[in-house]
Amino acid sequence: MTPALDPRRAKAVRLVSLDVDGVLTDGSIWIGADAVGRTEMRRFHALDGMAIRLMQRAGLVVAFVSGKRSTAVGLRARELGIEEVSLGAPEGKLAALRGILARRDWTFAQAAHLGDDLADLSVMERVGLPAAVVGAVPEVRAAAAWVGTVPGGEGAVREFAEALLAGRGEWDDLVAEFREGGRVCGSST
């Protein structure tokens with residue numbers, strides 16, 4: 001069962017920042033080479049893609065904030081209509097998220113971040129809703145106001161999105177759209 005979220009915290013969120021490795025993926029990175037050059041691959045879960053679309057449908061901005069540059073992650077972001085993407089910013093995740101929030105004139109209190117490793121701590125200690133996947137390191141779990149039960153890359157973002165949207169009172173309406181034959185914007189999940 002998905003852990004519940006404090007409705008006050010959930011309703012304050014306008015932006016959901018997602019780490020990539022260990023959250024959107026299981027943390028594995030496949031690297032190979034051919035005559036053309038280096039190839040990097042990541043595996044993403046379709047449930048997480050749908051979760052991102054649902055959060056967008058609810059009016060939330062979703063951002064990918066990762067410490068690693070990745071063409072595969074950039075492709076996934078474009079596929080899902082993610083406009084705020086920071087991959088491998090030399091100044092780090094905190095500065096990257098600060099910039100994203102500043103562009104929209106929002107505060108850290110209006111952001112959630114779902115993370116799993118030490119590179120997420122500086123962000124998690126500042127956002128209004130720090131969250132962690134079940135496999136997060138102990139320090140990240142301790143900093144989190146919400147800890148999921150699903151591993152990264154296996155639908156962890158979906159679990160968080162359901163808790164967030166339920167806490168905001170929006171989950172049932174989004175599900176009802178599907179019962180009525182509706183569809184979430186975009187076709188890629």
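The structure we're discussing is the one just above.
Residues numbered from 1 in each chain as written. Predicted model: local features only at pLDDT ≥ 70, side-chain atom pairs only at ≥ 80, totals over all residues. Heavy atoms only, no water.

With respect to the helices and strands, the residue Ala-10 is situated in helix H1 (residues 7–12). Sequence separation of Ala-10 and Ala-166 is 156 residues, and the distance between their C-alpha atoms is 8.5 Å. (Helix = DSSP H or I, 4+ residues; strand = E, 2+ residues; numbered from the N terminus.)

Before going further, it helps to examine the pattern of salt bridges. The full count for this structure, using the stated rule, is 13 salt bridges. Among the charged side chains, a salt-bridge network with shared partners connects Asp-21, Glu-40, Arg-42 and Lys-68. (Salt bridge = Lys/Arg side-chain N within 4 Å of Asp/Glu carboxyl O.)

Attention now goes to the pairing of strand E6 (residues 111–115). A large share of E6 lies buried, amounting to five of its five residues. Burial along E6 is two-sided: Ala-111, His-113 and Gly-115 facing one way and Ala-112 and Leu-114 facing the other are all buried. Pairing analysis gives four bridges linking strand E1 (residues 15–18) to E6, with the strands arranged parallel. Bridge pairing in E6 places Leu-15 opposite Ala-111. Relative to strand E7 (residues 129–132), E6 is paired through four bridges, and the arrangement is parallel. Among the inter-strand pairings, Leu-114 is bridged to a residue of E7, identified as Ala-131. (Buried < 20%, exposed > 50% of the residue type's maximum accessible area, 1.4 Å probe, protein only. Pairing = 2+ DSSP bridges.)

For the rest of this paragraph, the subject is the environment of Glu-159. As for its position among the elements, Glu-159 is in helix H7 (residues 156–167). Under the relative-accessibility criterion, Glu-159 is labelled buried at 5%. When the C-alpha atoms of Glu-159 and Asp-48 are compared, they prove to be 8.4 Å apart, with 111 residues separating the residues in sequence. Look past the residues within four positions of Glu-159 in its chain and what remains in contact with it is Thr-2, Pro-3, Trp-146, Gly-148, Thr-149 and Val-150. For Glu-159, the side chain forms a polar contact with the side chain of Thr-149, separated by 2.5 Å. (Contact = heavy atoms within 4.5 Å. Polar contact = N/O pair within 3.5 Å; in protein donor to acceptor, adjacent residues only side chain to side chain.)

It is worth spelling out the sheet that holds E7 at this point. Read from one edge to the other, the open sheet built from six strands follows the order E5-E4-E1-E6-E7-E8, with strand pairing classed as parallel. Of all the strands in the sheet, the pair left with one neighbour each is strand E5 (84–87) and strand E8 (146–147). Two elements, strand E4 (residues 61–66) and E5, share four bridges in a ladder whose sense is parallel. Bridge pairing links Ser-66 to Leu-87 in E5.

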